[in-house]
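In case you want the letters, here they are:
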Amino acid sequence: MSALALPALADPLTLRTTDTHPPDYPTVQALYYMSEHLARSSDGRLNMKIYPGGQLGEEKDSLEITIFGGIDLNRVNLAPLNSIVPETIVLGMPFIFESIEHMRAVVDGPIGDEVLAAMEPHGLIGLAFYDSGARSFYNVKRPIRTPADLEGMKIRVQNSELFVEMVSALGANPTPMSFGEVYESLVLGTIDGSENNWPSYESTRHYEVAGFYTRTEHSMAPEVLVMSRHRWERLAEEDRRLIREAARASVPVMRRLWDQRVARSREVVLENGNEVVELADKAPFRDAVRPVYDVFLTTPELRDLAQRILESGSGGAATP
Ligand code: GTR
């Protein structure tokens with residue numbers, strides 16, 4: 001081989017990428033940013049074709065397709081991963097984080113890395129966490145001030161046993177359902193309410209149907225960007241590095257957009273005249289969901305993970 005011979009260029013590759021949200025949502029905007037970053041750093045060789053708005057299926061189904069290799073990159077909430085990767089349950093536990101800052105610090109640190117790494121044996125490569133703020137209850141019927149106000153209400157939850165148990169513990173009837181079905185179900189009265197962060201409550205127009213929003217902020221389960229291990233294993237080491245780097249670079253961009261969007265969504269909701277209940281004391285909600293910890297933290301590993309998160313809060317609290 002002559003000294004001037006160049007290594008062969010790997011073939012160009014387009015990564016099929018999906019997200020349930022519309023193009024202007026912060027998670028999708030972060031994917032567009034990542035896509036540009038990746039195209040630049042790979043000299044146009046690695047590209048992402050982004051399918052927003054759940055075009056490739058609802059999260060639960062699209063995750064299965066991702067595991068089988070039909071989708072390369074998938075941005076989902078941690079909830080639909082709960083039944084696949086037990087470690088993800090811990091980050092969705094009710095009131096485990098004391099603030100958004102606490103959640104960000106945990107996912108940015110060794111615990112976040114551990115949870116991302118735990119996905120690999122299940123066919124997924126965890127690339128980055130995105131923000132999802134805090135989830136709160138909303139409904140069509142009445143303002144929720146105490147768990148008793150939730151009594152008997154049919155509340156849509158994500159496809160996750162954790163959320164089913166959480167809502168049951170609060171006295172409501174949980175109805176697991178995919179995100180895309182919620183609007184119609186609220187209109188038809190098949191459900192009375194649901195729970196989500198400000199941007200999702202607004203972007204889906206659920207706020208136009210369900211006018212009562214109570215800031216329980218019971219879960220801060222973050223979003224996550226996963227890649228199919230099937231695809232990952234066929235990539236050169238250098239391409240893996242570029243993908244990880246582009247995903248990481250999109251996180252601060254996502255967070256900036258997220259904070260702006262939370263403020264804007266909240267304004268839209270308030271301008272619409274919705275009744276937003278601020279809870280002076282969340283203790284009754286916190287107490288009601290505490291038994292959920294024992295239901296799901298059934299191994300020493302999961303308990304230890306939860307304990308470390310609780311202790312990393314400013315109070316170093318040993319219980320949620
Ligand atoms: C949103 C999240 C989505 C999806 C949705 C839901 O906050 O960004 O990925 O999980 O909630 O409630 O299904």
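For the structure, see preceding data.
These numbers were taken from a predicted model, which means no experiment stands behind them. (Residues numbered from 1 in each chain as written. Predicted model: local features only at pLDDT ≥ 70, side-chain atom pairs only at ≥ 80, totals over all residues. Heavy atoms only, no water.)

Draft legend 1. Spatial organisation of the sheet that holds strand E4 (residues 124-130). If you trace the five strands from one edge of the open sheet to the other, you get E2-E1-E3-E10-E4, paired in mixed fashion. At either margin of the open sheet sits one strand with a lone partner, and together these are strand E2 (46-51) and E4. Geometrically, the sheet is characterised by an average inter-axis angle of 25° between neighbouring strands, direction not taken into account. Inspection of the sheet shows E4 paired to strand E10 (residues 223-228) by six bridges, in the antiparallel sense. Directly across from Phe129, in E10, lies its bridge partner Val224. Against the sheet, helix H5 (residues 110-117) makes contact with E4 and E10, and its axis sits at roughly 145° relative to E4, the strand it touches most. (Pairing = 2+ DSSP bridges. Helix = DSSP H or I, 4+ residues; strand = E, 2+ residues; numbered from the N terminus. Axes fitted to C-alpha atoms, helices over the stretch in contact; angles between N-to-C directions. Contact = heavy atoms within 4.5 Å.)

Draft legend 2. Summary view of the environment of Leu127. Along the chain, Leu127 turns up in strand E4. The exposure class assigned to Leu127 is buried, which follows from its relative accessible area of 6%. Those residues within four positions of Leu127 in sequence are excluded, and the remaining contacts are Leu73, Leu116, Leu225, Met227, Trp232, Ile243, Arg244 and Ala247. (Buried < 20%, exposed > 50% of the residue type's maximum accessible area, 1.4 Å probe, protein only.)

Draft legend 3. Representation of the site of the ligand within the structure. Around the ligand sit 14 residues, and of these His21, Glu59, Gln158, Asn196 and Glu223 come closest. Between the ligand and His21 there is a distance of 2.7 Å, counted from an oxygen atom to a side-chain nitrogen or oxygen. Within the side chain of Glu59, a nitrogen or oxygen atom sits 2.4 Å from an oxygen atom of the ligand. Structurally, the ligand is housed in the largest cavity. Taken together, the residues that form the shell around the ligand break down as one nonpolar, eight polar and five charged. Both domain 1 (13-131 + 221-255) and domain 2 (135-220 + 269-311) contribute no fewer than three residues apiece to the shell around the ligand. (Near = heavy atom within 4 Å. Polar contact = N/O pair within 3.5 Å; in protein donor to acceptor, adjacent residues only side chain to side chain. 1 Å grid on protein atoms, 1.4 Å probe; cavity = no way out; pocket = protein on both sides within 12 Å on 5 of 7 lines; lining within 4 Å. Sits in = over half its atoms within 2 Å of the grid points. Nonpolar A, V, L, I, M, F, W, Y, C, P; charged D, E, K, R; others polar. Domains from an automatic or database assignment.)

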